[in-house]
Amino acid sequence: MIILDGKKTSNDIKSELSVLVDELMKKGKRPPHLAAVLVGNDGASLTYVGSKVRSCEKIGYLSTLIHLPETTSEDELLQQINSLNTDKEVDGFIVQLPLPKHIDEEKVLMAVDPHKDVDGFHPTNFGKMALDMESFVPATPYGIVELLDRYRIDISGKHAVVIGRSNIVGRPMSILLSRKSSPGNATVTLTHSRTKNLKAITKEADIVVSALGVPNFLTQDMIKQGAIIIDVGITRVPDDSKPKGYVITGDVNYENVKEKASYITPVPGGVGPMTIAMLLQNTYHAYSRYADL
Ligand code: GUN
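Residues numbered from 1 in each chain as written. Predicted model: local features only at pLDDT ≥ 70, side-chain atom pairs only at ≥ 80, totals over all residues. Heavy atoms only, no water.

J.: Please explain unusual backbone geometry as it appears in this structure.
T.: Excluding glycine, most residues fall at negative phi; most peptide bonds, likewise, are trans. In the segment running from Leu 97 into Pro 98, the intervening peptide bond is cis, with an omega of 0°. As for its position among the elements, Pro 98 is in the loop between strand E4 (92-95) and helix H4 (105-111). Looking along the chain, the bond that leaves Val 267 and enters Pro 268 is cis, with omega of 0°. Relative to the assigned elements, Pro 268 resides in the loop between strand E11 (261-264) and helix H10 (271-290). The backbone of Asn 185 sits at a positive phi, close to 60°, despite the residue not being glycine. Mapped onto the secondary structure, Asn 185 falls in the loop between helix H7 (170-178) and strand E6 (187-191). According to the relative accessible area criterion, Asn 185 is partly exposed, its value standing at 35%. (Helix = DSSP H or I, 4+ residues; strand = E, 2+ residues; numbered from the N terminus. Buried < 20%, exposed > 50% of the residue type's maximum accessible area, 1.4 Å probe, protein only.)

So this is what it looks like as structure tokens:
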């Protein structure tokens, strides 16, 4: 079994990007600039946004965190988005999800200029991705295909089973794996809460991507010998013995599954760091398209 080390791979990608930033600085250009909008005080979102901002600083990007109160109205948020859309000093931005219940997520994502939509959530980018056109690709599934690519895992013709059909992970993942490109060309089954007899399907999979959010859900009786296992789960499970009072737990019962898998991503240190690296990569693309390089 080989561990797909997302931490190391993401550090490689960040080093490559920081070399590009150094070159820009030598030419007297400004660095790429990513902004993040966070509404409210959800603990997990604060952590994710914090690490996105820190990663920017580490590689020499500019970053701006716009932290708005939970009580922010939809109109106020839309105004903020509009000002980021027109700010020439900001190359790309994200609106951290989930948003408070009184705000219409769809309306907000639709308001983001597709040219600055480094999350790849706007229908223009999502549609382009589905059509194999150049676009911003959502960072989590993008990070997964990048990880497979950097470990030279050929998924062409293989059966990939994706668990979970969220707009952020499962659905774009199913599109990327089946694209006529490399990595891609997999035969994909997208499963979800209404899927019948999931185990019979996952047992046929050469590659399983689990994005369900149920800790330790995937066990060895659900996979075939030598399967590639990608764990997108990052649930906070209460644990009083830990300083933070919780432990981040994946969808995959790692200890139980690891010897049966050919490759496996750990949690933490697998898909999570890759998501951040690909967000930085998307920001570089946004910058390159608009800055005078
Ligand atoms: N919430 C969970 N994952 C993501 C992500 O990739 N981007 C944004 N904006 N919000 C998220």
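After that view, the rundown keeps rolling.
J.: Explanation requested: the nonpolar core in the structure shown.
T.: Here is a general trend for soluble globular proteins: nonpolar side chains tend to be buried in one another's company. Formed by 52 residues in total, the largest nonpolar core has its most connected members in Tyr 61, Ile 144, Leu 148, Leu 177, Ile 207, Val 209 and Ile 230. The element that contributes the greatest number of residues to this core is H10, accounting for ten residues. Excluding its chain neighbours within four sequence positions, the residues that come into contact with Ile 144 are Met 173, Val 209, Ile 230, Val 232 and Val 271. Of all hydrophobic cores here, the second largest spans 18 residues; its members include Ile 81, Ile 103, Leu 109 and Val 112. (Core = buried A, V, L, I, M, F, W, Y, C linked by side-chain atoms within 4.5 Å. Contact = heavy atoms within 4.5 Å.)

J.: Mind showing me how you'd approach the packing of helix H2 (residues 43-59) against H10 here?
T.: To characterise two packed helices, one gives the angle between the axes of the helices and the distance between these axes. Interaxial distance between H2 and H10 falls to 10 Å at its minimum, and their mutual angle equals 60°. Taken together, the axes of H2 and H10 lie oblique to each other. Judged by the sense of rotation from one axis to the other, the crossing of H2 with H10 is right-handed. Contact residues: Ser 51, Lys 52, Ser 55, Cys 56 and Ile 59 in H2; Ile 276, Leu 279 and Leu 280 in H10. Class assignment for the residues of the contact of H2 with H10 results in five nonpolar, two polar and one charged. (Axes fitted to C-alpha atoms, helices over the stretch in contact; angles between N-to-C directions. Parallel < 35°, antiparallel > 145°, perpendicular 65-115°, else oblique. Left-handed = near helix turned anticlockwise from the far one by under 90°. Nonpolar A, V, L, I, M, F, W, Y, C, P; charged D, E, K, R; others polar.)

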